[in-house]
Amino acid sequence: MRTLVVYCHPVPESFGAAIRDTVVEALKTQGDEVRLVDLYAEKFDPVMSADERRGYNEHAPTDPALAPHIDNLYWAEAILLVYPTWWYGPPALMKGWFDRVWAKDVTFALTPEGRLMPLMAHIRKIGIVTTCGAPWWLSFIVGQPGRKMVLRGIRANFGWRCKTMYLAHYLMDSSTLESRTAFLGKVKQKVAAF
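One structure accompanies this document, and this report is about it. Keep in mind the model is a prediction, meaning the values are calculated, not measured.

Nonpolar side chains collect at one region of the surface, where Trp-136, Trp-137, Phe-140 and Ile-141 lie side by side and expose about 540 Å² of accessible area between them. Along the polypeptide, Phe-140 turns up in helix α5 (residues 136-142).

Here's what the structure looks like:
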């Protein structure tokens, strides 16, 4: 399977980097062809310009910097997102990636009546592997907006049989070596099974 891993964390030596490496290793071990996008390392610009927004409902993005990201979406059969959950959602850089890359005539089309037509039916799986400072129960009460944005909203651009996965290490701010090691083991197991 062709799997796109999109990673978003500003600290190169973070636990997020260990998660990213575990995800990529598990995918390659099961024989997946993997493309890794590191949004911070490539200095992805998440800011949509005024002109880009003006043309958003008219045509696909024209910024040449977005072309490799769009090509990755067309190439992928599965997508795994690895990022920290900050204030119950993805980092601004990840959100900006969605805003700028997941655009009209790339991931969806609009009918003359304004109805959304999915264009990513070739994506069979999408998953999130994240860390959360909050406990699971507080994330649940708040409504897990990051999880819902991706696994409900973004997923609407895929085929109806698209499988989803969500893994989170809660209480990250008070985590221990033992809890982080156990989580990496879970990531390896779940990603291999996914």
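All right, on to the packing of aromatic side chains then. For the structure on display, the rule yields six aromatic pairs. Each ring, one from Phe-98 and one from Trp-102, has its centre 5.7 Å from the other, and the planes form 55 degrees; the classification is tilted. Judged on exposure class, the residue Phe-98 and its partner Trp-102 are both buried. One aromatic cluster in this structure is built from Trp-97, Phe-98, Trp-102 and Phe-158. Across from the ring centre of Trp-75, 4.2 Å away, lies the NZ or CZ of Arg-35, which sits over that ring. Over the ring of Phe-194 we find Lys-125; its NZ or CZ atom is 5.5 Å from the centre of that ring.

Another aspect to go through is the environment of Leu-93. Position of Leu-93 among the secondary structure elements: in helix α4 (residues 92-101). Counting along the chain gives 49 residues from Leu-93 to Phe-44, while the straight-line C-alpha distance between them is 7.5 Å. When neighbours within four sequence positions are excluded, Leu-93 is seen to be in contact with Cys-8, Leu-39, Tyr-40, Phe-44 and Pro-46.

Our next topic: the nonpolar core. Counting residues in each nonpolar core, the largest one holds 33 residues, and the members touching the most others are Ile-79, Leu-81 and Trp-97. Broken down by secondary-structure element, the contributors of at least two residues to this core are β1 (2-7), α3 (67-75), β3 (78-85), α4, β6 (125-132), α6 (145-153) and β7 (163-169). With five residues, α4 is the single largest residue contributor to this core. Other than its neighbours up to four places away in sequence, Leu-81 contacts Val-6, Met-94, Trp-97, Phe-98, Gly-127, Ile-128, Val-129 and Val-150.

Further remarks concern the environment of Phe-158. Mapped onto the elements of the fold, Phe-158 is located in the loop between α6 and β7. On the accessibility criterion, Phe-158 (5% relative accessible area) is buried. Separated by 131 residues in the primary sequence, Phe-158 and Leu-27 place their C-alpha atoms 21 Å from one another. For Phe-158, the residues in contact, after removing those within four places along its chain, are Ile-79, Trp-102, Pro-118, Met-120, Ala-121, Ile-123 and Ile-126.

As a further point, take the pairing of β3. Most of β3 is tucked away, with eight of its eight residues classed as buried. Bridge analysis of β1 against β3 gives five bridges, and the strand direction is parallel. Paired with Val-6 across the bridge in β3 is Leu-81. Sheet analysis places β3 next to β6, joined by eight bridges and oriented parallel. Bridging from a neighbouring strand, Tyr-83 pairs with Thr-130 of β6.

Attention shifts here to the sheet that holds β1. In a beta sheet, neighbouring strands are held together by backbone hydrogen bonds and run either parallel or antiparallel to one another. With parallel pairing, five strands are arranged side by side in an open sheet as β2-β1-β3-β6-β7. Bordering the open sheet on either side are β2 (33-38) and β7, each of which pairs with just one other strand. Across this sheet, the average inter-strand angle for adjacent strands is 15 degrees, counted without regard to direction. Strand contacts of α6: β3, β6 and β7, with the helix running at about 170 degrees to β6, the strand carrying the most contacts.

Another aspect to go through is unusual backbone geometry. A positive phi is found at Trp-87, a non-glycine position, where the angle reads about 50 degrees. With respect to the element layout, Trp-87 can be found in the loop between β3 and α4. Residue Trp-87 is classed as exposed on the basis of its relative accessible area, which comes to 81%.

The rules we used
Residues numbered from 1 in each chain as written. Predicted model: local features only at pLDDT ≥ 70, side-chain atom pairs only at ≥ 80, totals over all residues. Heavy atoms only, no water. Patch = residues over 30% accessible without salt bridge, like charges linked within 9 Å, V, L, I, M, F, W, Y side chains within 5 Å. Areas by Shrake-Rupley, 256 points an atom, 1.4 Å probe, with all protein chains shown as cover. Salt bridge = Lys/Arg side-chain N within 4 Å of Asp/Glu carboxyl O. Helix = DSSP H or I, 4+ residues; strand = E, 2+ residues; numbered from the N terminus. Phe/Tyr/Trp six-rings, centres within 6.5 Å; stacked < 30°, edge-to-face > 60°. Buried < 20%, exposed > 50% of the residue type's maximum accessible area, 1.4 Å probe, protein only. Lys NZ or Arg CZ within 6 Å of the ring centre and 35° of its normal. Contact = heavy atoms within 4.5 Å. Core = buried A, V, L, I, M, F, W, Y, C linked by side-chain atoms within 4.5 Å. Pairing = 2+ DSSP bridges. Axes fitted to C-alpha atoms, helices over the stretch in contact; angles between N-to-C directions.

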